[in-house]
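Here are the chains, one letter per residue:
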Amino acid sequence: MEHPYVALNIENKVGYIEFFHPNRNSIPSDILSQLEKTINEVGNNDAVNVIVLRSGGNRTFCAGASFNEVMSINDKEAGKRFFLGFANVINAIRMCPKLVIGRVQGKTVGGGVGLAAATDYCLAAKHASIRLSELSIGIGPFVIEPAVSRKMGMQAMSQMTIDAETFFSSGFAKEKGLYAEVFETTEELDEAVKALAEKLSSYNPEALKQMKMVFWKDTAHWDTLLSERAAISGELVLSEFTKNTLKRFR
């Protein structure tokens, strides 16, 4: 695998949406846009009752934002547009009438943690540690905070945000509610994801849809909230601190 992609595979009424980028599954704007579009399309596809969100490869689930793209941002509007990409994917998952199961096979950072938190139910492998590194590079996890806090609580969210250079274990993520289960191997993870998704796909689709609405009640303001948060990140990313820090990672 050398080229970025977003792919959809439908099997037994389960829609498997997979994204990939050769740079540790980082997510540039075009991948974010394709993810949003695919989630919206599959949500309206009667051939699918349940969605699985996964990434390609056997190591990192998602390295978060594309540093190369972030470094190219030169004005506030461009910055806001970039971070709106994450907001749009989170809101697409939130508004999707189908349950979305997350499959996290490895480490995940920043926006990737937000994607995992936005899923309705998330399963992971034991090496799927998590990190919110944003403060250390001069910004903050503003866009993903509502999803992470909703799933893990503000105490865990603030702990990870402040301890920005630490990877927190999959055990921590399970204890705090991000992961429902953690498996020893990727093979066991995939078996569990498949079994759960196919079981759910056999249930009454209308009941699943109505329960999804219950799960996400009181979040209608997220369209506005996440847009406001994207504007904050879009401005901070222009700071000299952030620019200089990102150059060291390039």
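You'll find the structure just up there.
Presented here is an overview of the structure given in this document. (Residues numbered from 1 in each chain as written. Predicted model: local features only at pLDDT ≥ 70, side-chain atom pairs only at ≥ 80, totals over all residues. Heavy atoms only, no water.)

1. Here we look at helix α1 (residues 29-43)
With 15 residues, α1 extends 21 Å between its outermost C-alpha atoms, agreeing within 8% with the 21 Å of an ideal straight helix rising 1.5 Å per residue. Within the sequence span of α1, burial applies to I31, L32, L35, T38, I39, V42 and G43. Mapping the buried residues of α1 onto a view down its axis gives an arc of 130°, with all of them on the same face. Elements in contact with the buried residues of α1: β1 (5-11), β2 (14-20), β3 (50-55), α3 (76-95) and α4 (111-118). (Helix = DSSP H or I, 4+ residues; strand = E, 2+ residues; numbered from the N terminus. Expected span 1.5 Å × (residues − 1). Buried < 20%, exposed > 50% of the residue type's maximum accessible area, 1.4 Å probe, protein only. Arc of directions from axis to C-beta. Contact = heavy atoms within 4.5 Å.)

2. Thoughts on a nonpolar patch on the surface
A cluster of nonpolar residues, M211, V214 and F215, forms a patch on the protein surface that exposes about 270 Å² of accessible area. The topology assignment puts V214 in helix α9 (residues 205-215). (Patch = residues over 30% accessible without salt bridge, like charges linked within 9 Å, V, L, I, M, F, W, Y side chains within 5 Å. Areas by Shrake-Rupley, 256 points an atom, 1.4 Å probe, with all protein chains shown as cover. Salt bridge = Lys/Arg side-chain N within 4 Å of Asp/Glu carboxyl O.)

3. What about the pairing of β1?
Relative to β2, β1 runs antiparallel, the two sharing 7 bridges. Residue pairing in the sheet places Y5 in a bridge with F20 of β2. Between the antiparallel neighbours β1 and β2 lie 2 residues, among them N12 with a positive phi of about 55°. (Pairing = 2+ DSSP bridges.)

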